[in-house]
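Report on the structure
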Amino acid sequence: MSQVTRVVFWSTSFQADVWSLAMYLAARPEFELKVAMHHAKRYLDEPLAKLAPPPFELLERDDSSTLKAIRAFAPHVVIVDNHFPPKKLAPALFVLWHGFGWKGPNDRKEFASVYKAIKSLTGICPSKPNPHFIWQCFGPTDLEHRHRVSGFARTNLRSLGAAMCDDLAPARFTREQLLPYYPASFAQKPIALLAFTWHYGSVFAHWGEDRHLFQRLFEELRQHGYAIVVRMHDRHRYEPSYLRDLQSMAQGHDDLWLKFKDEHRDNLIDLSLAELTISNFSSILNYTYATGKPSLHVYPVASGEEAFLWRTWKNGKLRIQRVDSARYIWKLPPEANGGLLARSPDELWQQVHTAATQPDCCQQASQAFIAEHMAPTDGRARERIANEIIALAEHHR
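Thresholds applied
Residues numbered from 1 in each chain as written. Predicted model: local features only at pLDDT ≥ 70, side-chain atom pairs only at ≥ 80, totals over all residues. Heavy atoms only, no water. Helix = DSSP H or I, 4+ residues; strand = E, 2+ residues; numbered from the N terminus. Buried < 20%, exposed > 50% of the residue type's maximum accessible area, 1.4 Å probe, protein only. Contact = heavy atoms within 4.5 Å. Areas by Shrake-Rupley, 256 points an atom, 1.4 Å probe, with all protein chains shown as cover. Pairing = 2+ DSSP bridges. Axes fitted to C-alpha atoms, helices over the stretch in contact; angles between N-to-C directions. Arc of directions from axis to C-beta. Phe/Tyr/Trp six-rings, centres within 6.5 Å; stacked < 30°, edge-to-face > 60°. Lys NZ or Arg CZ within 6 Å of the ring centre and 35° of its normal.

**With respect to the overall build of the protein**
Of regular secondary structure, the protein possesses 15 helices and 15 strands. In terms of overall dimensions, the protein has a C-alpha envelope of 60 × 45 × 40 Å along the principal axes. Burial analysis of the protein (397 residues in total) assigns 58% to the buried set. Taking all contacts inside the protein whose residues are at least 6 apart in sequence as the whole, residues at least 24 apart take part in 70%. In the structure as shown, the protein presents an accessible area of about 16800 Å², 50% of it carried by carbon and sulfur atoms.

In structure tokens, the structure reads:
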């Protein structure tokens, strides 16, 4: 019988790749695991927790007893997303980053706190070969960026793919399983998922007023029979007036569901159910590619060569800085995508029509993007990651 590998997830939010990998490991007898997360009890009310109850212990990250419970468990490997534990929890560290994305630069300056955390938890700077540390990459492009720009030693990097893609292609859940967790009016309609990153501030500011353009987008989608899910980030990342506008637009419409990440953490069920995804280059688009469904990319700024304001979150506070050129913060230019690219409102309205009438319009582009930039979406990303975790743990038994 193979040795058991004990794993602890130190998770910001239990969703996406973290969720898919944890559920996969729990089904394999050679793993034992615990998950430390924010709002562990609240998670049990999520539709995903009801569809697939977690077969492992959920620990509240901020509870005073959690570190003691983890030490008693004596894990071989701790898995993190984009936040690191305050103390060393295991001999080895595995970073399961939170999305492929286009945004960067993730250079050594931006990653100063990441460098500090990895050295503190493993004893070795990540720029040097480190037998205690692995950083999962979403494919060859991501791996090269982590080495060339982030500065990590190539021996610490693995091109393994996105765990959640294994739950999207083929889909883990059927439409019939998911619809009970949506408004009744969604049952007979295709669903459009609007999922926007918060880093650029207002979604359509470079085209006009968000309130007007959101309403126009909703009208275009309704003309083609779509019900609409709007996924935004945590409420605290937006100004109060912007939140009020969003909530006002959603009121009184039974075919529109406005979600915020601090209340609706999971995005797997939305991605599984959606027939169309629209975003200003959130990394949710990379997961859409695995499904082959239409993906509409809103060019996020007026021009990649012009200055604009860039929002980041640091030490619990919103930080707004002027960026002279978007080219500096992009890992890949927006032109490198797996779907349709809209540089104007009129292009976006036309692309909604294309997606509605030609549901295979993005399959070729998605497959090409995956082939060039991502590890294969072959249903085996979780297996590849699991094998690397076992190999990492072997050095620390």
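The discussion continues.
**A word on the pairing of strand E8 (residues 191-195)**
Most of E8 sits out of view: five of its five residues are buried. Covered by surrounding structure in E8 are Ile191, Leu193 and Ala195 together with Ala192 and Leu194, the residues of both alternating faces. The sheet contact formed by E8 and strand E9 (residues 227-232) spans five bridges and is parallel. Residue pairing across strands places Leu194 opposite Val230, the latter belonging to E9. Looking at chain direction, E8 and strand E11 (residues 276-279) are connected through three bridges and run parallel. If you follow Ala192 over to E11, its bridge partner there is Leu276.

**Digging into the sheet that holds strand E6 (residues 133-137)**
Ordered by their spatial adjacency, seven strands build an open sheet running E3-E2-E1-E4-E5-E6-E7, and the pairing between neighbours is parallel. This sheet does not close on itself; its edge strands, each paired only once, are strand E3 (57-60) and strand E7 (157-159). Geometrically, the sheet is characterised by an average inter-axis angle of 25° between neighbouring strands, direction not taken into account. The pairing of strand E1 (residues 5-10) with strand E4 (residues 77-80) spans four bridges and is parallel. Across the sheet, the residue bridging to Phe9 is Ile79, located in E4. On the sheet, helix H1 (residues 16-26) packs against E1, strand E2 (31-37) and E4 and is oriented at approximately 150° with respect to E2. Helix H6 (residues 140-148) contacts E6 and E7 of the sheet and is inclined by roughly 165° relative to E7.

**Some thoughts on helix H5 (residues 112-122)**
Given 3.6 residues per turn, any residue in an α-helix points the same way as the ones three and four places further on. All of the buried residues in H5 are Val114, Tyr115, Ala117, Ile118, Leu121 and Thr122. Projected onto a plane normal to the axis of H5, the buried residues spread over an arc of 165° and lie on a single side. Residues of H5 that are exposed and point more than 90 degrees away from the buried face comprise Ser113, Lys116 and Ser120. Those residues of H5 that are buried lie in contact with strand E5 (92-95) and E6. Positive phi shows up at Gly123, right after H5, with a value of about 90°.

**Quick notes on unusual backbone geometry**
For the bond running from Gly104 to Pro105, omega is 0°, close enough to zero to count as cis. With respect to the secondary-structure elements, Pro105 resides in the loop between E5 and H5. The peptide bond linking Ala169 to Pro170 adopts the cis configuration, its omega dihedral lying at 0°. Even without a glycine there, the phi angle at Ala16 is positive, about 55°. Note on placement: Ala16 falls in helix H1.

**Looking at the packing of aromatic side chains**
In this description, an aromatic ring pair is defined by two values, namely the gap between the centres and the angle between the planes. The full count for this structure, using the stated rule, is 24 aromatic pairs. Here Phe100 and Phe138 contribute two aromatic rings whose centre-to-centre distance is 6.3 Å and whose plane-to-plane angle is 70°, an arrangement assigned as edge-to-face. You can see Phe100 sitting in the loop between E5 and H5 and its partner Phe138 sitting in the loop between E6 and H6, a full 38 residues away along the chain. On the basis of relative accessibility, which here comes to 2%, the residue Phe138 falls in the buried class. Each ring, one from Trp102 and one from Phe281, has its centre 4.9 Å from the other, and the planes form 90°; the classification is edge-to-face. In this pair, Trp102 sits in the loop between E5 and H5 while Phe281 sits in the loop between E11 and helix H11 (284-291), placing the two residues 179 residues apart along the sequence. When sorted by exposure, Trp102 lands in the same class as Phe281, which is buried. A network of ring pairs unites the aromatic residues Trp97, Phe111, Tyr115, Phe133, Trp135 and Phe152 as a single cluster. Cation over ring: Lys34 sits above Phe73, and NZ or CZ is 5.0 Å from the ring centre. The ring centre of Tyr299 lies 4.3 Å from the NZ or CZ of Arg343, which sits over that ring.

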